[in-house]
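So the chains spell out like this:
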Amino acid sequence: MIRIGILISGRGSNMLALADAVRDGRIPKAEIAVVVSDQPDAGGLVRAREQGLKTVVVDRRGRTRQAHDEDTVAVLKDHKVDIVCLAGYMRLLSGYFIEAYHHRILNIHPSLLPAFPGLDAHKQMLEHGVKWAGCTVHFVDETLDGGPIIAQKIVPVLDEDTEETLSARILEQEHKLYAEALALIVSGSYEIVGRRVVSRGEVSS
Ligand code: GRF
């Protein structure tokens, strides 16, 4: 069994989508080992406990990034976590964390990266006037939303969209995409070739 650790800071809808996918067999040979929040009052903690998932709070307040990350990594190691999924985790990771789980940390971002990294992606997209939006699951490296891309889905932007309607349309796809991307990584049948994440056997010379 591959043990998954999920990091959240907020409502945790992607965390629940991953838990659902594990439960109904869409991510075979995986289990959710622990849900960790850096925010003691994250709504997702309650929702995780309702699902019977183990939760731990590693409060970020008053800690340096490195000290906080050391504690978080220690919790993940205690729970024998193999793969870390960031799901609305609103904290940049230190080099220490990234090295501890090199190429084993995934993140979901509500845009078609490399366009619109960082905060307020929906606002950025509407202001820029793009006609197609989407979401991306990628490996986390030391750059902001910049690691190798595992999977993407596209979503149309409608003339009448607001940040709320666009984010709701993207979120629906995020929940499917994250489960699909994690299933690929758990299966181990992929390679990272340069910046490209490719399914095994499909690398062309
Ligand atoms: C999602 O839009 C995700 O792409 C972004 O933060 C949001 C988290 O939502 N990284 P939730 O906590 O998973 O509901």
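The following refers to the structure shown. What you see is a predicted model, and the numbers here were worked out from it, not measured in a lab.

Turning our eyes to something else, we now look at the site of the ligand. Around the ligand, the structure places Arg11, Gly12, Ser13, Asn14, Gly88, Ile108, His109, Pro110 and Glu174. The separation between an oxygen atom of the ligand and a polar main-chain atom of glycine 12 is 2.9 Å. Contacts to the ligand include serine 13, whose side-chain N or O atom sits 2.5 Å from an oxygen atom. Expressed as a share of its isolated accessible area of 370 Å², the protein-covered part of the ligand is 86%. At the level of elements, α1 (13-23) and β5 (105-109) are the ones that each hand at least two residues to the shell around the ligand. The residue makeup of the shell around the ligand, split by class, is two nonpolar, five polar and two charged.

Of note, the bond from leucine 113 into proline 114 is cis; its omega dihedral lies within 30 degrees of zero at 15°. Its identity as a non-glycine residue notwithstanding, histidine 103 has a phi of 60°, on the positive side. With respect to the element layout, histidine 103 can be found in the loop between α4 (95-100) and β5. Residue histidine 103 is classed as partly exposed on the basis of its relative accessible area, which comes to 28%. Positive phi outside glycine occurs at phenylalanine 116, with the angle close to 55°.

A large share of strand β6 (residues 132-139) lies buried, amounting to seven of its eight residues. In this structure, β5 lies alongside β6, joined through four bridges in antiparallel fashion. When the sheet's bridge partners are listed, leucine 106 is paired in β6 with phenylalanine 139. As judged from the seven bridges shared by β6 and strand β7 (residues 149-156), these two strands associate in the antiparallel manner. Bridging from a neighbouring strand, alanine 133 pairs with valine 155 of β7.

Ranked by size, the top nonpolar core spans 45 residues in total, and within it Ile4, Ile6, Met15, Ile27, Leu106, Ile150 and Leu182 carry the most contacts. Among the elements that make up this core, the one with the highest residue count is helix α6 (residues 163-187) (10 residues). If sequence neighbours within four positions are ignored, methionine 15 has contacts with Ile6, Ile8, Val35, Gly44, Ala48, Leu53 and Ala87. Counting residues in each nonpolar core, the second largest holds 19 residues, with Tyr89, Leu93, Phe97 and Val140 among its members.

Our focus in this paragraph is the pattern of salt bridges. Throughout the structure, instances matching the rule amount to nine salt bridges. Notably, a salt bridge pairs arginine 60 with aspartate 38, separated by 3.2 Å at the nearest N-O pair. Here the residue arginine 60 occupies a position in the loop between β3 (55-57) and α3 (65-78), and aspartate 38 occupies one in the loop between β2 (30-37) and α2 (43-50), the gap between them amounting to 22 residues. Overall, aspartate 38 belongs to the buried group, its relative accessible area being 1%. The salt bridge involving glutamate 180 is made with lysine 153; its shortest N-O contact spans 3.4 Å.

A word on the packing of aromatic side chains. One pair of aromatic rings is described through two measures. These are the centre distance and the angle between the planes. For the structure on display, the rule yields two aromatic pairs. Arranged with centres 6.4 Å apart and planes meeting at 55°, the rings of phenylalanine 97 and tyrosine 101 form a pair that is tilted. By the burial criterion, phenylalanine 97 is buried, and tyrosine 101 matches it. Look at phenylalanine 139 and tyrosine 190: their rings are 6.1 Å apart centre to centre, the planes differ by 35°, and that puts the pair in the tilted class. Taken as a pair, phenylalanine 139 in strand β6 and tyrosine 190 in strand β8 (residues 190-193) lie far apart in primary sequence, 51 residues in all. Residue classification places phenylalanine 139 among the buried residues on the basis of a relative accessible area of 0%.

The rules behind the values
- Residues numbered from 1 in each chain as written.
- Predicted model: local features only at pLDDT ≥ 70, side-chain atom pairs only at ≥ 80, totals over all residues.
- Heavy atoms only, no water.
- Near = heavy atom within 4 Å.
- Polar contact = N/O pair within 3.5 Å; in protein donor to acceptor, adjacent residues only side chain to side chain.
- Areas by Shrake-Rupley, 256 points an atom, 1.4 Å probe, with all protein chains shown as cover.
- Helix = DSSP H or I, 4+ residues; strand = E, 2+ residues; numbered from the N terminus.
- Nonpolar A, V, L, I, M, F, W, Y, C, P; charged D, E, K, R; others polar.
- Buried < 20%, exposed > 50% of the residue type's maximum accessible area, 1.4 Å probe, protein only.
- Pairing = 2+ DSSP bridges.
- Core = buried A, V, L, I, M, F, W, Y, C linked by side-chain atoms within 4.5 Å.
- Contact = heavy atoms within 4.5 Å.
- Salt bridge = Lys/Arg side-chain N within 4 Å of Asp/Glu carboxyl O.
- Phe/Tyr/Trp six-rings, centres within 6.5 Å; stacked < 30°, edge-to-face > 60°.

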